[in-house]
Amino acid sequence: MTDIADLVARRAKLLGPAYRLFYDTPLHLIKGKGVRLEDADGKQYLDAYNNVASVGHAHPHVVAAIAAQAAILNTHTRYLHEGVLNYAERLLGKMPAELAHAMFTCTGSEANDLAMRIARQHTGGQGLIITAFAYHGVTDSIAQASPSLGRYVKLGEAVRTVPAPVQHPGEDATVVGQRFARHVREAIADLQSHGIQPAALLVDTVFSSDGVFTEPVGFLTPAVDAIRAAGGVFIADEVQPGFGRLGDSFWGFERHGIVPDIVTMGKPMGNGHPVAGLAVRPNVLAAFGDQCRYFNTFGGNPVSMAAANAVLDVIEQEGLQANAHRVGAYLNEGMNQLAHTHPAIAAVRAAGLFMGVALADDAGLPDGAGAARVVNALRENGVLLSATGPDGNVLKIRPPLVFSQANADQLLNTLDDVLRSV
Ligand code: PMP
């Protein structure tokens, strides 16, 4: 038995007060393989949470690619290297043809930060529109555009928020899309009334921190039109939904039938290796390219590119997008069945293997405390997930893409038991 209390105390002493832990009893993980994680006492967990190890924990092909390149050379993008070019070519091949340049960073935060610098240089504006409970990262400028960090984070003076695109019963994409666009136009007008020219609308295309909003497909178009009409650009943050997780499309923006001006990526891109980046339209990048130079010591290095390249190999060779589609549909159906027996489940919102399950109390109000109890009880019963949304009441389910139907059954059965007992 490891002493959890000792580790917690040591962590607080060494890392200080800003770090947070999951679960009433923090988890001390030491190993992972595929969809399974193992703690220091040898207990196994089904991972239904970690979208970073997207092709499975410790995938041997990715591990081998990292080790092989590390044994040969690791430098940076001031030297010529085919790794970064081959990967850029392959990544851009997964995008609409309009997005013809790729740039690399180490984190999603840096990718969003760089995207904003590019957008501001291109448009000459400063204004940024995001959703009300967005999370886009940790740099100073992007933390100021991440209201989900909490009330102590002050939003930037040029940042405006709009309500997330909630679908009420019976509403189609036109209704949801027009409402979302109206909010965006109001934000644009407010920026302009303060003398601020809009630079960008930046959204996570599955709105994960806002509570997961995946339907109805197509609702983004009017808002994208609105920001462009005001001289701004549309930035799709694909850090959460990207790389095949949504099943029916490789990217979240693609699912909505739009072509962004900039696409930012991260998390699953290196299956845990820190690699991130963006794709951009050449005309949007031109002003930044003229006036700034870009160098990122680690971004685009040969080892990172080998990791990212190997991730694409696995997604393609193991048919993981199709698996996300198939198993996601199975999980969605099972979750909707559970909703019939458990009134606590107020809504199930999903695309492929990205799912939000909203919990409500007896009065029908968002039940964040209930969701916390469910998350902790699931952990005790060997299943890992978490909760999201402004009320913390939405179970966030994003397993590695190698999740099988049997894994989905384990998740559903355990959740069924837990919902009976908490
Ligand atoms: N965008 C979104 C939508 C995210 O969820 C995150 C990370 N949770 C980021 C950006 C920032 O990525 P990173 O932690 O790699 O900086």
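Per chain, the residues get numbers from 1 upward, laid out in the order the sequence is written. Where local features are concerned, this predicted model is filtered to residues with pLDDT of at least 70; where side-chain atom pairs are given and counted, the filter is 80 or more; whole-chain, interface and lining totals use all residues. Where side-chain values are given, they derive from all heavy atoms of the structure, hydrogens and water being excluded.

(A) Quick look at the site of the ligand. Close to the ligand lie T107, G108, S109, N112, Y135, H136, G137, D204, D237, V239, Q240 and K267. For this analysis, a polar contact is any N or O atom pair within 3.5 Å, provided that within protein one partner can donate a hydrogen and the other can accept it, and provided that sequence-adjacent residues contribute only side-chain to side-chain pairs. Side-chain polar atom of D237 to a nitrogen atom of the ligand: 2.7 Å apart, as the coordinates give it. Within the side chain of K267, a nitrogen or oxygen atom sits 3.0 Å from a nitrogen atom of the ligand. Only the protein chains shown count as cover for residues, and the accessible areas themselves come from Shrake-Rupley with a 1.4 Å probe. With the chains in place, 82% of the 390 Å² that the ligand exposes on its own is no longer accessible. Working definition: helices are DSSP H or I runs of at least four residues, strands are E runs of at least two. Numbering for both runs from the N terminus. Sort the elements by how many residues they give to the shell around the ligand and helix α4 (residues 108–123) lands first, with three residues. In this count, Pro and Cys sit with the nonpolar residues alongside Ala, Val, Leu, Ile, Met, Phe, Trp and Tyr, while Asp, Glu, Lys and Arg are called charged and the others, Gly among them, polar. In the shell around the ligand, the residues fall into two nonpolar, seven polar and three charged. The rule for a residue being near a molecule or strand is that one of its heavy atoms must lie within 4 Å of it.

(B) The environment of T77, seen in detail. Within the element layout of this structure, T77 appears in the loop between α2 (60–70) and α3 (82–92). In the structure, T77 is positioned 179 residues away from H256 in sequence and 34 Å away in space, judged by C-alpha atoms.

(C) Broad picture of the pairing of strand β10 (residues 276–280). Within β10, five of the five residues are buried, which leaves the element mostly enclosed by the surrounding structure. Alternating positions in β10 separate into two faces, A276, L278 and V280 on one and G277 and A279 on the other, with burial throughout. For two strands to count as paired, DSSP must find a minimum of two bridges between them. Judged from the five bridges that link them, strand β4 (residues 101–105) and β10 form a sheet pairing that is antiparallel. Bridge pairing in β10 places A102 opposite A279. Burial classes follow relative accessibility: with a 1.4 Å probe on protein chains only, a residue under 20% of its type's maximum area counts as buried, one over 50% as exposed, and anything between as partly exposed.

(D) Local environment of α4. By definition here, a helix of n residues has an expected span of 1.5 Å times n minus one. An ideal rise of 1.5 Å per residue puts 22 Å on 16 residues; α4 measures up with 22 Å between its terminal C-alpha atoms. Among the residues making up α4, those that are buried are G108, S109, A111, N112, D113, L114, A115, M116, I118, A119 and T123. The positive-phi residue at the C-terminal boundary of α4 is G124, with phi of around 75°.

(E) View of unusual backbone geometry. Looking along the chain, the bond that leaves E215 and enters P216 is cis, with omega of -5°. The topology assignment puts P216 in the loop between β7 (198–204) and α7 (221–229). Here F207, not a glycine, exhibits a phi torsion of approximately 50°, which is positive. Along the chain, F207 falls in the loop between β7 and α7. Taking the relative accessible area as the measure of exposure, F207 reaches 1% and is therefore buried.

(F) Representation of the side chain of N376 in the model. Here N376 lies in helix α12 (residues 368–380). The exposure class assigned to N376 is buried, which follows from its relative accessible area of 13%. A distance of 2.9 Å separates a polar side-chain atom of N376 from the backbone oxygen of A372. The contact definition used throughout considers only heavy atoms, calling two residues in contact when any of these lie within 4.5 Å. The residues touching N376, leaving out its near neighbours within four places in the chain, are Y23, D24 and T25.

(G) Just the domain arrangement of the chain, in detail. Looking at the chain, the domain boundaries give domain 1 (4–55 + 319–421) and domain 2 (61–317). An automatic or database domain assignment supplies the start and end points of every domain. On a C-alpha basis, the centroid separation for the pair domain 1 and domain 2 is 25 Å. Facing 27 residues of domain 1, the contacting portion of domain 2 comprises 31 residues. Of the roughly 2200 Å² buried at the junction of domain 1 and domain 2 (both faces included), carbon and sulfur atoms supply 58%. We define buried area as the total accessible area lost by two parts upon association, computed with a 1.4 Å probe and summed across both.

(H) Region of interest: the state of the cysteines. Here, a disulfide means two cysteine sulfur atoms that sit within 2.5 Å of each other. The tally for this structure, following the rule as stated, stands at zero disulfides. Counting only cysteine sulfurs, C292 is the nearest neighbor of C106, a cysteine outside any disulfide, at a range of 19 Å. Take C106: its relative accessible area is 16%, and that puts it in the buried class. The partly exposed category is assigned to C292, whose relative accessible area is 24%.

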